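# Structure at a glance
Each chain is listed here by its residues.
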Amino acid sequence: MPSAPPSPSIVFFDGVCGLCNGFVDALLRLDRRRLLRFAPLQGETARGRLAAPYLEGLGAVVLLDECGISERSEAVLRILSRLGQPWRTLARLGRVIPRRWRDRLYDAIAARRYRWFGQRDTCRVPTPQEREQFLD
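This structure is a prediction, so every number in the text was calculated from the model and none was measured. (Residues numbered from 1 in each chain as written. Predicted model: local features only at pLDDT ≥ 70, side-chain atom pairs only at ≥ 80, totals over all residues. Heavy atoms only, no water.)

Helix and strand counts for the protein stand at 6 helices and 4 strands. Its helices and strands taken in sequence order, the protein reads β-α-β-α-α-β-β-α-α-α from the N to the C terminus. By the compact-globule yardstick of 14 Å for 136 residues, the protein fits well, its C-alpha radius of gyration being 15 Å. Along the three orthogonal principal directions, the C-alpha set of the protein runs to about 50 × 40 × 25 Å. Within the protein, counting contacts between residues at least 6 apart in sequence, those at least 24 apart form 67% of the total. Element-wise, carbon and sulfur atoms account for 57% of the exposed surface of the protein, whose accessible area totals about 8000 Å². Side chains of the protein give 23 positive and 15 negative charges; the mean places of these two sets differ by 6 Å. (Helix = DSSP H or I, 4+ residues; strand = E, 2+ residues; numbered from the N terminus. Rg over C-alpha atoms; globule rule 2.2 N^0.38 Å. Contact = heavy atoms within 4.5 Å. Areas by Shrake-Rupley, 256 points an atom, 1.4 Å probe, with all protein chains shown as cover. Lys, Arg positive; Asp, Glu negative; His and termini not counted. Charge placed at Lys NZ, Arg CZ, Asp CG, Glu CD.)

Attention now moves to the packing of aromatic side chains. Counted according to the given criterion, the structure contains 1 aromatic pair. Geometrically, the ring pair formed by Phe-38 and Phe-134 is tilted, given 5.5 Å between the ring centres and 35° between the ring planes. Highlighted residues: Phe-38 in strand S2 (residues 36–40) and Phe-134 in the segment after helix H6 (99–117), separated in sequence by 96 residues. The exposure classification of Phe-38 matches that of Phe-134, with both residues buried. The ring of Tyr-114 has Arg-113 lying over it, and the distance from NZ or CZ to the ring centre is 4.5 Å. (Phe/Tyr/Trp six-rings, centres within 6.5 Å; stacked < 30°, edge-to-face > 60°. Buried < 20%, exposed > 50% of the residue type's maximum accessible area, 1.4 Å probe, protein only. Lys NZ or Arg CZ within 6 Å of the ring centre and 35° of its normal.)

Attention now moves to the pattern of salt bridges. Enumeration according to the criterion identifies 9 salt bridges in this entry. Among the ionic pairs, Arg-78 bridges to Asp-65, the shortest N-O distance being 2.6 Å. With Arg-78 in helix H4 (residues 72–81) and Asp-65 in strand S3 (residues 62–65), the pair connects residues that are 13 residues apart, well separated along the chain. Judged by its relative accessible area of 18%, Arg-78 falls in the buried class. (Salt bridge = Lys/Arg side-chain N within 4 Å of Asp/Glu carboxyl O.)

Shown next, in the form of structure tokens:
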């Protein structure tokens, strides 16, 4: 009996961050099985499903899936592992690096993301083709 596909996971992201929006754009292209849903940290879905600490700094990608909540580098690796090959292998390789080191690198990039990648005035608006994968 074939196994059922994993249920959709929600990727919460900073809706005004250029880097975060670029990451979402890449995921939309790579997620051929449409396993990911997206919601800005500034939106209603985030306020309804995440605790306050995740919403205060808006500095982390957060993943909500069947295993619970992951953030920062762990969220990125869990997201990549859902995309199939070669991304699953890349995620496994990333786990070789101790999490505290991965998170330090993540935090260093996150602290500079607006300067390096820009900031939008408003949250990303999905195209009509993307609409079913976005939550408010």
